[in-house]
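A structural walkthrough
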Amino acid sequence: MSDDELLATHLQELRRGTVVLACLLVLIRPNYGYALLDLLAQRGFSVDANTLYPLLRRLEKQGLLTSDWNTDEARPRKFYRTSAAGAALADTLSRDWDQLDAALRILKGAS
Amino acid sequence: MSSLTDRYVQATLRRLPARQRTDIERELRVSIADAVDDRVEAGDDPGPAEVAALTRLGDPARLAAGYADRPLQLIGPAVFLDYTRMLSTLLVSVVPVVAAVAAFFGALDEKPWLTVAGDSLGAAVTTAVHIAVWTTLAYALLDRSSAMTPRRSWTPDALPQPPSRRARWGELIAETVILVLVTAFLLLSPDLLAPWLYDTGFVWVFIALGVLSLGTSFARYYLRWSLPLALAASVVSGAGAAVLAWAAATDHLLNPDSGWPAGTTAWVTAGLIGLAAWSLVQAVVDTFTHARRS
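Residues numbered from 1 in each chain as written. Chains lettered and ligands numbered in written order. Predicted model: local features only at pLDDT ≥ 70, side-chain atom pairs only at ≥ 80, totals over all residues.

1. Comments concerning the overall build of chain B
If you tally the helices and strands in chain B, you get eleven helices and zero strands. Helices and strands in chain B line up, N terminus first, as α-α-α-α-α-α-α-α-α-α-α. Looking at chain B as a whole, 18% of its 294 residues qualify as buried. Contacts in chain B between residues far apart in sequence, at least 24 positions, make up 68% of those at least 6 positions apart. (Helix = DSSP H or I, 4+ residues; strand = E, 2+ residues; numbered from the N terminus. Buried ≥ 20, exposed ≤ 12 C-beta atoms within 10 Å, placed from the backbone. Contact = placed C-beta atoms within 7 Å.)

This is how it looks when you write it as structure tokens:
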């Protein structure tokens with residue numbers, strides 16, 4: 001494995017859980033897969049489409065997202081929205097993130 | 001609808017369970033169309049835009065693996081090592097024996113050596129294929145069933161005793177090898193045994209009991225020892241022993257007209273009855289010791 005691949009793997013590992021949190025936070029306002037991909041990329045969460053699309057379905061199956069087919073436009077799209085359970089999880093995860101961040105700062109200060 | 005997108009969607013859906021397909025297809029097609037439109041608006045031609053969008057989406061196999069909500073493997077990492085070990089042990093130990101036995105009987109009948117070699121090779125290939133198929137099936141079922149049983153929280157108490165576990169792995173291998181060899185013997189060289197066994201199909205009862213008994217051994221090795229399992233194991237080995245003892249005692253087992261030296265049939269019969277009695281006693285003792293320990 002080359003150094004670049006190794007770096008990519010580590011970054012991916014580090015970011016894996018944050019994509020879930022980002023989705024739950026962003027989808028308080030309903031949105032569909034492709035637009036979400038764009039939106040996340042603009043906010044600094046570059047995530048692959050082939051990771052995001054299955055992830056949305058998994059979160060929906062876990063009851064963290066709800067979905068509706070919006071047929072108002074010419075192209076019907078599946079809109080996802082964070083459920084109450086999803087919002088609660090987002091809260092918990094955010095708090096955990098803050099604690100991790102604080103802990104990391106202390107580690108960096110201590111060294 | 002362009003054919004490249006169609007092919008991509010088909011390649012993805014092909015790997016998914018039927019009930020998931022309709023909804024995923026609708027969503028996936030819209031997502032691809034959105035991505036293509038974006039690139040066209042930015043100035044790309046439709047053809048290259050489609051290629052770029054699909055390239056970005058990546059290998060359909062990976063996408064499908066993300067969507068699938070079930071294991072996409074026959075035998076998972078939990079039992080994979082045991083599976084390869086069992087398979088290679090069986091192949092290495094049983095296949096040469098079967099080939100040698102087949103060659104021996106062919107040579108005994110004074111067939112031409114080319115026929116003997118061909119028969120021996122054929123028997124080896126048949127045996128190897130059977131071993132591969134049934135071992136794979138057994139471990140695939142085992143993998144599914146162990147994934148379905150709820151995990152209890154693990155404590156160090158659950159660690160196996162090293163020597164006993166090793167001994168039992170050896171026992172398991174030995175039992176399997178013996179069963180496969182006996183089955184091969186029963187099916188390949190019927191001369192020495194009573195024709196009654198084959199005419200009535202009773203030989204299959206023996207094989208079925210052997211397979212069942214081996215099944216309980218596998219269950220004992222991989223699953224937790226429980227009372228129903230213990231009872232099932234005793235019933236199976238008890239039934240096997242009883243059937244063996246009965247068939248031997250009533251002279252339904254050996255074929256006295258086929259080359260057994262004079263007087264040996266009586267001894268072999270007595271030996272088989274003794275073996276049956278011993279395995280019966282062992283099954284009962286085994287059940288009690290395990291029940292007391294647990």
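Moving on from the model shown.
2. Here we look at the confidence of the model for chain B
Averaged over every residue, the pLDDT of chain B is 80; residues scoring 70 or more account for 84%. With pTM at 0.56, the complex prediction returns an ipTM value of 0.84. (pLDDT = per-residue confidence, 0-100.)

3. Quick look at the sheet that holds strand S3 (residues 77-82) of chain A
Residue and element names in this part refer to chain A. Pairing within the open sheet is antiparallel, and its three strands lie in the order S1-S3-S2. Looking at which strands have only one partner, the edges of the open sheet turn out to be strand S1 (31-32) and strand S2 (65-70). With six bridges joining them, S2 and S3 adopt antiparallel strand pairing. Of the residues in S3, the one forming a bridge with Trp69 is Lys78. (Pairing = 2+ DSSP bridges.)

4. Remarks on the UniProt feature "transmembrane region" (unreviewed entry) in chain B
All names here are of chain B. The UniProt record annotates "transmembrane region" (unreviewed entry) at residues 90-108, 120-142, 172-189, 201-222, 229-249 and 264-285. Within residues 90-108, the helical portion is 100% and the strand portion 0%, while the C-alpha atoms at the span's ends are 26 Å from each other. Taken end to end, residues 201-222 is 95% helix and 0% strand, and its first and last C-alpha atoms sit 32 Å apart. (UniProt positions renumbered as here; feature names shortened; annotations may be inferred.)

5. A few points about the packing of helix H1 (residues 3-13) of chain B against helix H2 (residues 18-41) of chain B
Residue and element names in this part refer to chain B. H2 packs onto H1 with a crossing angle of 145° between their chain directions and a minimal axis gap of 10 Å. In this structure, H1 meets H2 at a crossing whose hand is right-handed. For the pair H1 and H2, the contacting residues are Thr5, Val9, Thr12 and Leu13 in the first and Arg21, Ile24, Glu25, Leu28, Arg29 and Ile32 in the second. Its residues assigned to classes, the contact of H1 with H2 shows five nonpolar, two polar and three charged. (Axes fitted to C-alpha atoms, helices over the stretch in contact; angles between N-to-C directions. Left-handed = near helix turned anticlockwise from the far one by under 90°. Nonpolar A, V, L, I, M, F, W, Y, C, P; charged D, E, K, R; others polar.)

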